[in-house]
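# Coordinate inspection notes
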Amino acid sequence: MRIDAFALRKPAAVMGLLLVVVHVALALFSPWLAPFDPTELVGGRVEAPGAEFLLGTDVLGRDYLSRLLHGGRMALFVTFTGVVAAVVVGSLLGVAAAYFGGALDDVLMRICDIKLALPGILFVSLFITGFGESFVVLVTLIGLVYFPGVVRIVRAQALTQVNLGYVKAAQLRGESAASVIAREILPNTLDVVYVEFAIRMSHAVLLLSTMSYLGLGLSPPTPDWGLMVSEGVGQLAFAPWLVLFPAVFISTLVIGLNFGAEALANALGMDASRGHVGGT
Amino acid sequence: MNRREMIAAVGAALAGLGLKDLVAPEGAFAQAKPRSGGKFVYTNLYPNNRMGDAKNGRHPYYLLDINTRSAFNGLAYVNDRLQVEPELALSWTPAADLKSWEIQLREGVVFHNGRDMTADDVISSFAFHKARTSFARQIDKVEKLGTHKVRMHLVKPNSEFPFILGEYQLMIMPAAPIETIGLDGIGTGPFRIVDLDPKRRLVMERNERYWRKGFPYFDRFELASSPGRMESALNGFRGGQFDAVLGVDPGLQPELERIPGTVISTALSGDQALMILPKHEGSPFADKRIRQALSLAIDREKVIRIVYGGKAGWAGNNSHLTPSNPEFLPLEVRRDVARAKKLLAEAGYPNGITLPTFYFTASWPEIPRVFQVVSQSVKEAGITLPIEQRPSDGYRDWRVEDKAKTRKHRFAYGPAGVRNPGVSMYRMRPDNNESGYWSGPACEEYMKLYDEAVVEPDKLKRKFLYVRMQQILGEEVPAIHPAGRRNMLIHKKNVHGLENHSQFWSIRFDEVWKG
Amino acid sequence: MSLLEVRGLNIAYRRPDGRLGPAVIDAAFSLAEGESLGIVGESGSGKSTLARALLGYCRPGGVITSGEILLEGTDILRLDRAGVHRLRGGRVAFVPQNPLSSLTPHLRVGSQVAEAVQLHRACGAREAREATLELFHAVNLPDPQRLAGRFPHELSGGQRQRVVISAALAGNPRLVVLDEPTTALDKTTETQVLELVQRLRERFKATLVYVSHDLNVISEMCDRVLVMLEGRVVEEGATAQVYGTPACDYTRRLIAAVPRIDRDPGPLAAPSAPEPLLSVAGLGYRYAAGRRWPWTRRAAAERDALSGVSFDIYPGETLGLVGESGSGKSTAAAVIAGLLAPAEGTIRFDGQPLPPLAAGRSAQTRRRIQIIFQDPLSSLNPRHRIDAILARPLALFQGLSGTPARRRSAELLEALQLDPGFLDCYPRQLSGGQQQRVAIARAFAADPDLIICDEITSALDVSVQAQVLALLKGLQERSGTACLFISHDLGVIGQVAGRVVVLRDGTVREAGATQAVFRQPANEYTRLLVHAASRGYARLPLPPGALAPAA
């Protein structure tokens, strides 16, 4: 993998990576940073920001700052696990489809087509209605939502490999299919896989927040920004910060992931709009 | 309105105000006589799953607004204190066995299309209701005794049958074949439907020939439906688009009180949240002590204080009755953590217990808040109560699902509305999911008392029976009713006569006027 | 006064670290009306960059840092956007290497050229259509009327290039810049296009700038020539003079490296045994129609890629397999290597029938037949170090691992005159020639009896090609390995192969001793090939040890 360090030093890239780092750090260390237990009813309902509760309390009298700090933890954990699952499964299927072709490829691609043709939120609400909102279900759902895209992208990348000399050379050496895929093809799709991962992460975070807001995602009393927006929306006219802060946290995370993904793509030389070095 | 009428109206209005009122206008509203005319616009936040389309949107079953009494009337009306009043029926007299009821209809009632309302219309309407509504299935047949007199024959005795005649769907429509009855939206109500924008807006005008002489006051009557869209409804209210908002989130009472020029009207009660306790083998709730401990551990006061702002909620008594019911018996001991711990220890959990996950859905906006507070408050008694929200689509089927017919079902929330005890108390019957398929000697005694009440014509005697039944529920705890809401509506200061109702579909607009 | 005058031109590209790397350094030359100038150089020499600058164009990231380009007295680098727009396709026209990429895929070629005509001649649609047909006629497109209604992908490579040339002529340009216009074409097609350009040049009185790596082509097309090396013009002059008496050492080496069919290849490895190592008889292969499911439509009829191909390779010798694109020569390589299963015919290896696919062959057989591919970069996995690339066949076929494997790898590199330090490099860090030598080392790591070389030098510059061929030859001689050498370049075949098989449309047209076939081709097609390959030799100095000119 060639990393173009120059691309990582652009302001948007630096900002994106910084935002991601801050959010990941928050998610990891929130239990030590938060002054209160985020689910404990410690104060009166909707107290204004003050000395005891720096950002006031929410509609149930829970410390708002603590909930904000914890708000990305579960969402990031769910989306990370789900997207990792989507990317791992999607990459393996995509490479297999490209390598073996034939009926396997056809069937896989049709499954992806069906999934991609289905409106996302419809699929989500059907799935959640059927299976509930537990952690395993949410992870599975995120995985299911995003794996077809990964299959397509990785398959396309792998297709450029299967006819290259080093793959043929490996086949002629008598290497097994698993060995050819693992040693020769998969490593060369990693660039795409990394960028896919970053892009899907930002999509998934937004999706999960939307779902939580609609009551299809994480369940109360989990501290979660999407849920906090939905809990606070009735108070919009009276205590607008209850909606504003979680919205800002969601946006910065999504923006950070987006910028980060773009920076990564640039650094791996995947953006055609950037000039390349060349002679004649 | 021509010029002369206009001058007369303005003059009348000024005369009504008087000099004193002009000097001190605040007092004017309090003492002013009801004023006729004008337009009233309101929006309704209550979810209505049966909103119709252009074809059936005027039918009382599918009317955009569930407050069907703007365009229709029933034979009877149930007021906020759950007393039955005559409406299109003048009186009802049961036979000795309470199995047939003779109903004298009001004379001189005219439908919006100018036709007189007679026994034939009642018979035709109930033929439709019998086919379509569970409440009407107990009516075996309706016999015509005269142009304004019918007799209803019931399948079995019902001492509280008149309540059924006040149910919101059982409106009287002009006689027509069962396929087309009601589709034209013609009723006997105070307002006549002028225009319908399906699922959005309903425009009505005064029914000049309304049988309640002098009513209604408004010339025009409009409503916009905004189920669940609290924020937009409040914005419309603040911007002067709406004179009233029905069904506001009772949890917002402290905030709404701060909006200037707003009057909050709260009903005596409203829906309550019910915790259904499965009692099949292997469920911790098969042990009565754990049910009792959970009920005693719940901080009902805290739920009311935090979720309902202290005023807009009430504490449940583990029965389906509400403070609107005159028979309601408040819980003797609302909370006793020490006793809850003792009961748990006796049941074999001296170090506390982790209950199975409790599922709920946000059928009202405050439901997730109620159970978050419940879950937090029972911690004090050493009870860990994990909770999980479920999507509202298909929630009920999912909750009662019993594919294997093992009566295993989920530890979950169910909504319970406000009804007369004859209906409400029956919901704890052993074969109903809401009772968690309750059984045993106490249950048998409960059902015996219920059977007595159904055939007991005397109201006071019935009340004794219902109190005893509530005591059984309080002791046995087949289900837990932590708290309920008090229905809330807000209106502008110049709106008068708009009374709220625990059965939110029973709000009447006859006597509402604007100053 | 000269038509074009370039003074002190410097062009640089922005590198990933943000600094500028020079691509053209202090270029200066002038071109008189009607003259033709060739720019020759190897990849990376800056010849394309210089040519594109004549249209006021730079690739993304490129910056013209200083200099003047005067066209009829005006500096095109000082023009505003509209001026540059008028210039391109108007007074200066450009013909790129890949015609497909300069044609819009979803528009009919006629309307594309007509659009250019309308733009530059400011005429109506009908007039433009007529002018287009005239242009198509001028570039010798058969049946212009019908062809104008086709889409780019429906044309052959030569036809596409003619369409692009006709579009370039739409604006009656004073100067036509051609950047490697025939590199993507077959030799015989190239001949036709070159002849066309010559004729058009006379007819339209246009001045030409012709960029190519091919000295033959330049010598035929151009009056004057610029030789570029690493961004600098190292030699300039009349073509005959530069080729005849090169002043610069680099030019001399460049000329010497050109593989020519009239050059004596020196001693070639002879068969070391009477029995053939590989014997191919009646070989046939068909590309299957694209149909996987019973209900899907057949995309195309089956097409014969090979039919009735027979030849033998004896131990130690090199057999040349020559043909143009589509002749089936690479298919033959894939079938013998075991990548494709033949439809008919037999292959015997060392007297035994050879199972069709590599997976069915024994490990020993797989070891004994090795293949080297055309593109050196794509035949080496970019994720593996050279060490790992060589270790794999050593482990599989020789049972070597650890230090012995590394020692053997180092020996192989040294045999190919590569620094053993490269073992810790990734393929990308090596030049094209070095990469191809690593690919050769990988093939020889298996200690094969037969190697198949599929166009292994066609992606390389001529000087590198000469070096790689020499190394391969040396290695082959030392190891006694037989070789099936596939190329489209008769010059290269002449350098390495004692015997040659000429393939066209999947059938053998001629076979025999290389020199005999090249000097006296029996087949009409072979004659065409030989003619195309020896074009332009007239202006090149006679190579050392030249053979008598072909009859």
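### Observations concerning the overall build of chain B
When helices and strands are tallied, chain B shows 14 helices and 24 strands. Against the globule reference of 24 Å for 515 residues, chain B gives a C-alpha radius of gyration of 25 Å, in line with a compact fold. By its C-alpha atoms, chain B is 85 × 55 × 40 Å across when sized along the principal axes. A burial count over chain B gives 57% of its 515 residues as buried. When contacts within chain B are restricted to residue pairs at least 6 apart in sequence, those whose partners lie at least 24 apart make up 71%. When the accessible area of chain B is evaluated, it comes to approximately 21200 Å², of which 51% is carbon and sulfur surface. Averaged over its 72 positive side-chain charges, chain B has a centre that lies 2 Å from the centre of its 60 negative ones.

### Let's talk about the interface of chain A and chain B
Listed by partner, the interface residues are 27 residues for chain A and 27 residues for chain B. Among the residues chain A hides against chain B, the three largest losses belong to R45(A), L60(A) and F238(A). Together they make up 30% of the total. At the junction of chain A with chain B, the criterion picks out one salt bridge. Where R45(A) meets E255(B), a salt bridge forms, and the shortest distance between an N and an O atom there is 3.2 Å.

### Considering the sheet that holds strand β9 (residues 201-206) of chain B
Residue and element names in this part refer to chain B. Taken together, the seven strands give an open sheet; going across it, the order is β8-β9-β10-β1-β11-β22-β12, and neighbouring strands pair in mixed fashion. On the outer flanks of this sheet lie β8 (191-197) and β12 (262-266), each paired with one strand and no other. On average, each strand axis in the sheet is inclined to that of its neighbour by 20 degrees, with strand direction left out of account. In terms of strand pairing, strand β1 (residues 39-44) meets strand β11 (residues 244-246) through three bridges, oriented parallel. Its bridge partner being in β11, N44 is matched across the sheet by L246.

### Topic: the nonpolar core
Residues M275(B), L294(B) and F371(B) are the most contacted members of the largest nonpolar core, which totals 129 residues. It is helix α7 (residues 135-162) of chain A that provides the largest number of residues to this core, a total of 13 residues. Summarising the domain contributions, this core has at least three residues from each of domain 1 (31-71 + 189-267 + 487-515) and domain 3 (272-485) of chain B. Among all residues touching M275(B), those that are not within four sequence positions of it are L294(B), I298(B), F358(B), F371(B), V374(B), L385(B), F411(B), A412(B), A479(B), I480(B) and P482(B). A76(B), M117(B), V150(B) and V495(B) belong to the second largest nonpolar core, which has 57 residues in total.

### Let's talk about the pattern of salt bridges
All chains considered together, the criterion is met by 73 salt bridges over all chains. Taking the shortest distance from any N to any O, the salt bridge between K448(B) and E452(B) comes out at 3.9 Å. Highlighted residues: K448(B) and E452(B), both in helix α13 (residues 441-454), separated by four residues, approximately one helical turn. A relative accessible area of 52% means that K448(B) is categorised as exposed. The residue R368(C) makes a salt bridge to D449(C) at a minimum N-O spacing of 2.4 Å. You can see R368(C) sitting in helix α13 (residues 363-368) and its partner D449(C) sitting in the loop between α16 (432-445) and β17 (450-454), a full 81 residues away along the chain. On the basis of relative accessible area, D449(C) is assigned to the partly exposed category, the value being 27%. Beyond isolated ion pairs, a larger network of salt bridges with shared partners links R173(A), E175(A), R183(A), E184(A) and R392(C).

### A short note on helix α8 (residues 165-173) of chain A
Residues and elements named next belong to chain A. Burial of α8 is extensive: seven of the nine residues sit out of reach of the surface. Buried residues of α8: G165, Y166, V167, A169, A170, L172 and R173, and no others. Downstream of α8 by one or two residues, G174 has phi in the positive range, about 90 degrees.

### As for the confidence of the model for chain C
Considering every residue of chain C, the mean pLDDT works out to 86; 94% of them sit at 70 or more. Here the predicted complex scores 0.75 on pTM and 0.82 on ipTM.

### Side note on the sheet that holds strand β4 (residues 89-94) of chain B
Residues and elements named next belong to chain B. Read from one edge to the other, the open sheet built from four strands follows the order β4-β5-β7-β6, with strand pairing classed as antiparallel. Only two strands of the sheet have a single neighbouring strand rather than two, namely β4 and β6 (139-146). Each strand of the sheet is rotated relative to its neighbour by a mean of 20 degrees, with strand direction disregarded. Pairing analysis gives five bridges linking β4 to strand β5 (residues 100-105), with the strands arranged antiparallel. Looking across to β5, one finds that T93 is bridged to E102. Contacting β5, β6 and β7 (149-154), helix α3 (residues 119-132) runs over the sheet at an angle of about 175 degrees to β6.

### Comments concerning the packing of aromatic side chains
Residues and elements named next belong to chain B. Counted according to the given criterion, the structure contains 36 aromatic pairs over all chains. Geometrically, the ring pair formed by Y42 and F221 is tilted, given 5.6 Å between the ring centres and 55 degrees between the ring planes. Pair noted here: Y42 is in strand β1 and F221 is in strand β10 (residues 220-225), with a separation of 179 residues, a long-range link. Comparing Y42 with F221, the two get one shared label, buried. Taken together, a centroid distance of 5.8 Å and an interplanar angle of 45 degrees make the contact between W101 and F161 tilted. Of this pair, W101 sits in strand β5 while F161 sits in helix α4 (residues 161-165), placing them 60 residues apart in sequence. Taken individually, W101 and F161 each receive the classification buried, so the pair is uniform in this respect. Taken together through their ring pairs, the aromatic side chains of F285, F358, Y359, F360, F371, Y395, W398, F411 and Y413 make up a single cluster. Above the face of the W364 ring, R485 is positioned so that its terminal group lies 4.1 Å from the ring centre. R508 extends its terminal NZ or CZ atom over the ring of Y77, reaching a point 3.6 Å from the ring centre.

### So, helix α8 (residues 187-204) of chain C
Residues and elements named next belong to chain C. If you check α8, its first and last C-alpha atoms are 25 Å apart, about what 18 residues at 1.5 Å a residue would give, namely 26 Å. Residues T188, T189, E190, T191, V193, L194, L196, V197, L200 and R201 constitute the buried set of α8. Of the residues flanking the end of α8, it is K205, one or two places downstream, whose phi is positive at about 55 degrees.

### Brief notes about the domain arrangement of chain B
All names here are of chain B. What the domain assignment reports for chain B is domain 1 (31-71 + 189-267 + 487-515), domain 2 (72-184) and domain 3 (272-485). Listed by partner, the interface residues are 13 residues for domain 2 and 16 residues for domain 3. Taken together, the two surfaces of domain 2 and domain 3 that pack against each other cover about 1100 Å², and 54% of this comes from carbon and sulfur. It is L82, S159 and E160 that lose the most area in domain 2 upon contact with domain 3, and together they represent 46% of the buried surface on that side. Counting across the interface, domain 2 meets domain 3 through two salt bridges. E167 is the salt-bridge partner of R419, the closest N and O atoms lying 2.5 Å from each other. For the side of domain 2 that touches domain 3, the residue count by class is seven nonpolar, two polar and four charged.

### Considerations on the arrangement of the chains
Take the two pairs of chains in contact: the one carrying the most contacts is chains A and C. With no contact formed, the shortest span from any C-alpha in chain B to any C-alpha in chain C equals 40 Å.

Rules behind the numbers
- Residues numbered from 1 in each chain as written.
- Chains lettered and ligands numbered in written order.
- Predicted model: local features only at pLDDT ≥ 70, side-chain atom pairs only at ≥ 80, totals over all residues.
- Heavy atoms only, no water.
- Helix = DSSP H or I, 4+ residues; strand = E, 2+ residues; numbered from the N terminus.
- Rg over C-alpha atoms; globule rule 2.2 N^0.38 Å.
- Buried < 20%, exposed > 50% of the residue type's maximum accessible area, 1.4 Å probe, protein only.
- Contact = heavy atoms within 4.5 Å.
- Areas by Shrake-Rupley, 256 points an atom, 1.4 Å probe, with all protein chains shown as cover.
- Lys, Arg positive; Asp, Glu negative; His and termini not counted.
- Charge placed at Lys NZ, Arg CZ, Asp CG, Glu CD.
- Buried area = accessible area lost by both parts, 1.4 Å probe.
- Salt bridge = Lys/Arg side-chain N within 4 Å of Asp/Glu carboxyl O.
- Pairing = 2+ DSSP bridges.
- Axes fitted to C-alpha atoms, helices over the stretch in contact; angles between N-to-C directions.
- Core = buried A, V, L, I, M, F, W, Y, C linked by side-chain atoms within 4.5 Å.
- Domains from an automatic or database assignment.
- pLDDT = per-residue confidence, 0-100.
- Phe/Tyr/Trp six-rings, centres within 6.5 Å; stacked < 30°, edge-to-face > 60°.
- Lys NZ or Arg CZ within 6 Å of the ring centre and 35° of its normal.
- Expected span 1.5 Å × (residues − 1).
- Nonpolar A, V, L, I, M, F, W, Y, C, P; charged D, E, K, R; others polar.

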